Number of protein chains: 2
Amino acid sequence: MATAAQMGRPREHRVDRAIAKAVRELLSERDYPSLTVDAVATRAGVGKAAIYRRYATKQEMTFSVLLHDARDQAAADTGSLKGDLLALTTQIADQLAESSAGVMAGLLADVYADPALAERFERTFLAVERSNVAALIDRAVVRGELTHRPDPVVLHVLLLGPMFAWLIMLDEDPARASELAAVVVEVIHKALASGTLSTDPREERADDDPA
Amino acid sequence: MATAAQMGRPREHRVDRAIAKAVRELLSERDYPSLTVDAVATRAGVGKAAIYRRYATKQEMTFSVLLHDARDQAAADTGSLKGDLLALTTQIADQLAESSAGVMAGLLADVYADPALAERFERTFLAVERSNVAALIDRAVVRGELTHRPDPVVLHVLLLGPMFAWLIMLDEDPARASELAAVVVEVIHKALASGTLSTDPREERADDDPA
């Protein structure tokens, strides 16, 4: 599932990072509705074409940068299931905490107002995020930490959900997010270890080489 | 923590229900930005004053009806901790599933665009929802099912989060929400039973009569 960026193209990485930095900076200076692709291109020092090669719309660009720049994120291999769960949950929480609840809610409203963007969100970001969860499960199976594969869709929502609700729905203190992430991981790790989570309905396909 | 409505005022209950029904019907016929208090009053057969006695704005009315009409909801006492957890999580999921992801995201964006509404959301709905969780914990302690009181704020976000992310952020199949709720409850009940969840930092205040 490695993307072009993950396979190593340093110049593209630099452009990705410049765009992401510009989006974050601009959203700390103005609100989400007044963010423009023009302003991001100027701030990042790149052409608008470089942005549009990556993102079809301002909304997709913002979603990608703020919520989950999936192109740049493999799930960390920390050497243990619990470590991997904490790394992934912390990564999700850190990104959600970068933007305000209002920015994220406005962005989500835009995404769902545009069926094409909603479909693109599903097909790109969500698919990659779930494949990160699937890779984490595969590594745990290889290590012998799991004897069955839980459904990655369910595991993903159990890790993401509390962080998303804490930061975006409830607008709670981001400083307590890492504490919550640790609780979530403790609870989910125990559930996985005891076989509480249901088995992936696509188990029969899970013997594919996850590399 | 019982509100006036919970203490039993049948006429007020009927008006509450008529408003809620009108909001739900209208949002199935038109999108969220074009919903008005006038249209809700007409559909519900009540005066606008009756609506404004309950809700300061269209946004608060919609939030109350769609997300959590806390005034009308005590947490169900099913006789067991696991039953109570499932009843509460199912209640949250059923209400989230009533409206589309787009409606809910637009509403959240409106809430966070208005500091007074955000504060009101925190003070009314969220406070009541958390007191429902606290009451559920108190009942389990009285039954002897829990020997410590977990933090109700944390327990609330662990129950709410996956349902919220499933239905609103990820726009997933509402038909699978009850299946997810059962998984969430199984996982959280085991965590509570094994003492995995941290203790309420306000433990010293928890001896108050929860009735």
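Residues numbered from 1 in each chain as written. Chains lettered and ligands numbered in written order. Predicted model: local features only at pLDDT ≥ 70, side-chain atom pairs only at ≥ 80, totals over all residues. Heavy atoms only, no water.

Looking at an unreviewed UniProt entry, one finds chain A named AcrR family transcriptional regulator, with Nocardioides panzhihuensis as its source organism.

**Student:** Help me understand the overall build of chain A in this model?
**Tutor:** Broken down by element type, chain A carries 9 helices and 0 strands. Traced from its N-terminal end to its C-terminal end, chain A shows the element sequence α-α-α-α-α-α-α-α-α. Looking at the 211 residues of chain A, the share that counts as buried comes to 54%. Considering only contacts in chain A between residues 6 or more positions apart, those separated by 24 or more positions represent 67%. Carbon and sulfur atoms make up 53% of the accessible area of chain A, which amounts to about 9,000 Å² in all. (Helix = DSSP H or I, 4+ residues; strand = E, 2+ residues; numbered from the N terminus. Buried < 20%, exposed > 50% of the residue type's maximum accessible area, 1.4 Å probe, protein only. Contact = heavy atoms within 4.5 Å. Areas by Shrake-Rupley, 256 points an atom, 1.4 Å probe, with all protein chains shown as cover.)

**Student:** Whenever I open this one, empty space enclosed by the protein confuses me. Can you help?
**Tutor:** If you roll a probe as big as a water molecule over the atoms, it shows you where there is empty space left. All told, the structure shown has 4 cavities of 30 Å³ or more when counted by the stated rule. The volume enclosed by the largest cavity comes to roughly 80 Å³. Secondary-structure elements contributing two or more residues to the lining of the largest cavity are helix H8 (152-169) and helix H9 (177-193) of chain A together with helix H8 (152-169) and helix H9 (177-193) of chain B. By residue class, the composition of the lining of the largest cavity is 10 nonpolar, no polar and no charged. (1 Å grid on protein atoms, 1.4 Å probe; cavity = no way out; pocket = protein on both sides within 12 Å on 5 of 7 lines; lining within 4 Å. Points joined across faces, edges and corners; volume = space filled by probe spheres on them. Nonpolar A, V, L, I, M, F, W, Y, C, P; charged D, E, K, R; others polar.)

**Student:** Got a minute to help me understand the pattern of salt bridges in this structure?
**Tutor:** Note that side chains of opposite charge can pair when their charged atoms are close. Residue and element names in this part refer to chain A. Throughout the structure, instances matching the rule amount to 32 salt bridges over all chains. Residues Lys21 and Glu25 are paired through a salt bridge, measuring 2.9 Å at the closest nitrogen-oxygen approach. Highlighted residues: Lys21 and Glu25, both in helix H1 (residues 10-29), separated by 4 residues, approximately one helical turn. Take Glu25: its relative accessible area is 25%, and that puts it in the partly exposed class. (Salt bridge = Lys/Arg side-chain N within 4 Å of Asp/Glu carboxyl O.)

**Student:** What am I meant to see in the UniProt feature "DNA-binding region" (unreviewed entry) in chain A here?
**Tutor:** Those residues carrying the UniProt feature "DNA-binding region" (unreviewed entry) are residues 36-55 of chain A in this numbering. What you have in residues 36-55 of chain A is 75% helix and 0% strand, and the ends, taken at the C-alpha atoms, are 13 Å apart. (UniProt positions renumbered as here; feature names shortened; annotations may be inferred.)

**Student:** Could you clarify how one ought to interpret the interface of chain B and chain A in this entry?
**Tutor:** It is common to give the size of an interface as the accessible area lost on bringing the parts into contact. At the junction of the two partners, chain B supplies 41 residues and chain A supplies 41 residues. Taken together, both faces of the contact between chain B and chain A bury some 3,200 Å²; the carbon and sulfur share is 78%. The interface formed by chain B and chain A holds 4 salt bridges in total. Its salt-bridge partner being Arg176(B), residue Asp151(A) comes within 3.8 Å of it at the nearest N-O pair. (Buried area = accessible area lost by both parts, 1.4 Å probe.)

**Student:** Is there a simple way to explain the relation of the copies chain B and chain A in this structure?
**Tutor:** Relating one copy of the chain to the other requires a rotation about an axis plus a shift along that axis. Mapping chain B onto chain A is achieved by rotating through 180° and translating by 0.0 Å along the same axis, at an RMSD of 0.1 Å. The two molecules are tied by a two-fold rotation axis, judged by turn and shift. Among all residues of chain B, the one whose C-alpha sits closest to the rotation axis is Gly161(B), at a distance of 2.1 Å. (Least-squares fit on C-alpha atoms with pLDDT ≥ 70 in both.)

**Student:** Can you walk me through the packing of helix H5 (residues 81-98) of chain A against H8(A) in this structure?
**Tutor:** Any two packed helices are characterised by the angle at which their axes cross and by the distance between the axes. Residues and elements named next belong to chain A. Contact pair H5 / H8: the axes reach a minimum separation of 10 Å and the direction vectors enclose 30°. When you trace H5 past H8, the crossing you get is right-handed. On H8, the residues touching Leu85, Leu88, Thr89, Ile92, Ala93, Leu96 and Ala97 of H5 are Leu155, Leu159, Leu160, Met163, Phe164, Leu167 and Ile168. (Axes fitted to C-alpha atoms, helices over the stretch in contact; angles between N-to-C directions. Left-handed = near helix turned anticlockwise from the far one by under 90°.)

**Student:** Help me understand unusual backbone geometry in this model?
**Tutor:** Of all residues except glycine, most have a negative phi; of all peptide bonds, most are trans. Although it is not a glycine, Asp171(A) adopts a positive phi angle of roughly 55°. Here Asp171(A) is to be found in the loop between H8 and H9.

**Student:** Whenever I open this one, the packing of aromatic side chains confuses me. Can you help?
**Tutor:** Aromatic rings considered in pairs are described by the distance between their centres and by the relative angle of their planes. Here the structure, examined in full by the defined rule, presents 1 aromatic pair over all chains. For the ring pair Phe164(A) and Phe164(B), a centre distance of 5.4 Å and an interplane angle of 25° mean the geometry is stacked. A residue pair is termed interchain when its members come from two chains, as with Phe164(A) in helix H8 and Phe164(B) in helix H8. A cation over a ring is seen here: Lys58(B) above Tyr32(B), with NZ or CZ 4.6 Å from the ring centre. (Phe/Tyr/Trp six-rings, centres within 6.5 Å; stacked < 30°, edge-to-face > 60°. Lys NZ or Arg CZ within 6 Å of the ring centre and 35° of its normal.)

**Student:** How do you make sense of helix H5 (residues 81-98) of chain B when you look at a structure like this?
**Tutor:** Within an α-helix, residues lying three or four positions from one another point in the same direction, as the helix has 3.6 residues per turn. A rise of 1.5 Å per residue sets the reference length of H5(B), with its 18 residues, at 26 Å; its end C-alpha atoms lie 26 Å apart and thus fit the reference within 8%. Regarding H5(B), the residues found buried are Leu81(B), Asp84(B), Leu85(B), Leu88(B), Thr89(B), Gln91(B), Ile92(B), Ala93(B), Gln95(B) and Leu96(B). (Expected span 1.5 Å × (residues − 1).)

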